[in-house]
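Structure assessment
Here is what each chain is made of, one letter per residue.
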Amino acid sequence: TPSPRYAFIYRWRWGVLGAAVAWSTVRASRIVVWCGLAWWFGLLPLFLPRGKQYAPLFSRREVCEFARLTLPQIASNFSGWLIFELQLVALTNVRGVSTAQVAAGAIWVQCEQALSAAQQGWIQ
């Protein structure tokens, strides 16, 4: 069966919008499958507690500590990812660039992002 990328990008010629829709479709389908499996195996009550059995998962102090420790790293990651997104936006706004060239540029940016993540892992 053809992947969503094939249908959205090549078959219907949606280009970058098709890539975004395909990515969102794959992520949404994974969530639906996981929820279906949780329901099938009777695990939903563990995720959705009701009544007197409800106890907060985290205390306010734990949430504040988590935020204090993680927000700087999250901000650093988002600023790094912004560079890759800006590259894709710039690539798609160049006149005379064919769909194949945009696809090649998107692949290059994805490879560049993977290499950057690997390098970041080695540094830390």
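Here is a short report on the structure shown in this document. (Residues numbered from 1 in each chain as written. Predicted model: local features only at pLDDT ≥ 70, side-chain atom pairs only at ≥ 80, totals over all residues. Heavy atoms only, no water.)

1. Examining the layout of surface pockets
Just so we agree on the cut-off: Within this scheme a cavity is a closed region of a 1 Å grid, computed over the protein atoms alone, that accommodates a 1.4 Å probe without allowing it to escape, whereas a pocket is open but has protein on both sides within 12 Å along at least five of seven lines; lining residues each have an atom within 4 Å of a point. Grid points are joined across faces, edges and corners, and a volume is the space filled by probe spheres set on the points. In this description a helix means any DSSP run of H or I spanning at least four residues, a strand means any run of E spanning at least two, and both kinds are numbered starting from the N terminus. Each residue is assigned to one class: nonpolar for Ala, Val, Leu, Ile, Met, Phe, Trp, Tyr, Cys and Pro, charged for Asp, Glu, Lys and Arg, and polar for all the others, Gly among them.
The volume enclosed by the largest pocket comes to roughly 860 Å³. Along the walls of the largest pocket sit 22 residues, with Ile9, Ala19, Ala20, Ala106 and Gln110 positioned nearest its centre. Residue assignment for the lining of the largest pocket shows that the elements contributing at least two residues are helix H1 (4-11), helix H2 (15-40), helix H4 (60-92) and helix H5 (99-123). When residues of the lining of the largest pocket are assigned to their parent elements, the largest contribution, eight residues, is made by H2. Along the lines of polarity and charge, the residues of the lining of the largest pocket split into 14 nonpolar, five polar and three charged. Size it by volume and the second largest pocket reaches roughly 240 Å³. What lines the second largest pocket is a set of 12 residues, and nearest its centre among them are Asn77, Trp81, Ser116, Ala117 and Gln120. For the lining of the second largest pocket, the secondary structure elements donating two or more residues are H4 and H5. Grouping the constituent residues of the lining of the second largest pocket by class yields four nonpolar, eight polar and no charged.

2. A word on the pattern of salt bridges
Inclusion rule: Should a side-chain nitrogen of Lys or Arg be within 4 Å of a carboxyl oxygen of Asp or Glu, the pair is scored as a salt bridge. Whether a residue is buried, partly exposed or exposed follows from its accessible area with a 1.4 Å probe, protein chains only, as a fraction of its type maximum: under 20%, in between, or over 50%, in that order.
Under the defined criterion, the tally for this structure stands at one salt bridge. Here glutamate 65 makes a salt bridge to arginine 68, at a shortest N to O gap of 2.8 Å. Within this pair, glutamate 65 and its partner arginine 68 are both found in helix H4, separated by three residues, close to a single helical turn. By relative accessible area, arginine 68 is classed as exposed at 53%.

3. What about the environment of alanine 22?
Inspection of the secondary structure puts alanine 22 in helix H2. The buried category is assigned to alanine 22, whose relative accessible area is 3%. Through-space distance from the C-alpha of alanine 22 to that of isoleucine 9 is 8.3 Å; in sequence the pair is 13 residues apart.

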